[in-house]
Amino acid sequence: MGALFALGHGVTVLAIVAVAALASRQFTPSPKLFGWLAWLPIALLLLISALNARSLLVLRRVRA
């Protein structure tokens, strides 16, 4: 079962890479977009941490 999962995962990743390579030929992002993309992971991690903190605080209120 694990071998089939690995094979399917590999094929999926290769398909995504192939589509991204084809799309990159037709799309040239501006340097301004790269600036936004540099901050995107930071913003997503802060959002996830805020949601986790909120869920912990709500859980404490429910148990109290």
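Before reading further, recall that the structure is shown in the block above.
Scoring rules and cut-offs
Residues numbered from 1 in each chain as written. Predicted model: local features only at pLDDT ≥ 70, side-chain atom pairs only at ≥ 80, totals over all residues. Heavy atoms only, no water. Helix = DSSP H or I, 4+ residues; strand = E, 2+ residues; numbered from the N terminus. Rg over C-alpha atoms; globule rule 2.2 N^0.38 Å. Areas by Shrake-Rupley, 256 points an atom, 1.4 Å probe, with all protein chains shown as cover. Patch = residues over 30% accessible without salt bridge, like charges linked within 9 Å, V, L, I, M, F, W, Y side chains within 5 Å. Salt bridge = Lys/Arg side-chain N within 4 Å of Asp/Glu carboxyl O. Buried < 20%, exposed > 50% of the residue type's maximum accessible area, 1.4 Å probe, protein only.

Novice: What's the story with the overall build of the protein chain in this structure? I'm lost.
Specialist: Helices and strands together make up the secondary structure of the protein chain, namely 2 helices and 0 strands. For the protein chain, whose C-alpha radius of gyration is 20 Å, the value lies well above the compact-globule estimate of 11 Å for 64 residues. Counting only C-alpha atoms and orienting by the principal axes, one finds that the protein chain spans roughly 55 × 45 × 10 Å. Summed over all atoms, the accessible surface of the protein chain reaches about 6200 Å², with 76% contributed by carbon and sulfur.

Novice: Honestly, the environment of Arg60 in this entry has me stumped. Any pointers?
Specialist: Within the secondary structure layout, Arg60 lies in helix α2 (residues 31-63). Between the C-alpha atoms of Arg60 and Ile48, which are 12 residues apart in sequence, the distance is 18 Å.

Novice: What is the right way to look at a nonpolar patch on the surface in this model?
Specialist: On the surface, a nonpolar cluster with roughly 940 Å² of combined accessible area is contributed by Phe27, Leu33, Phe34, Trp36, Leu37, Leu40, Leu44, Leu47 and Leu51. Structurally, the position occupied by Leu44 is in helix α2.

Novice: Is there a simple way to think about the environment of Ala50 in this case?
Specialist: Tracing the backbone through its elements, the reader meets Ala50 in helix α2. The class for Ala50 is partly exposed, based on a relative accessible area of 45%. When the C-alpha positions of Ala50 and Arg25 are compared, they lie 37 Å apart, and in sequence the two are 25 residues distant.

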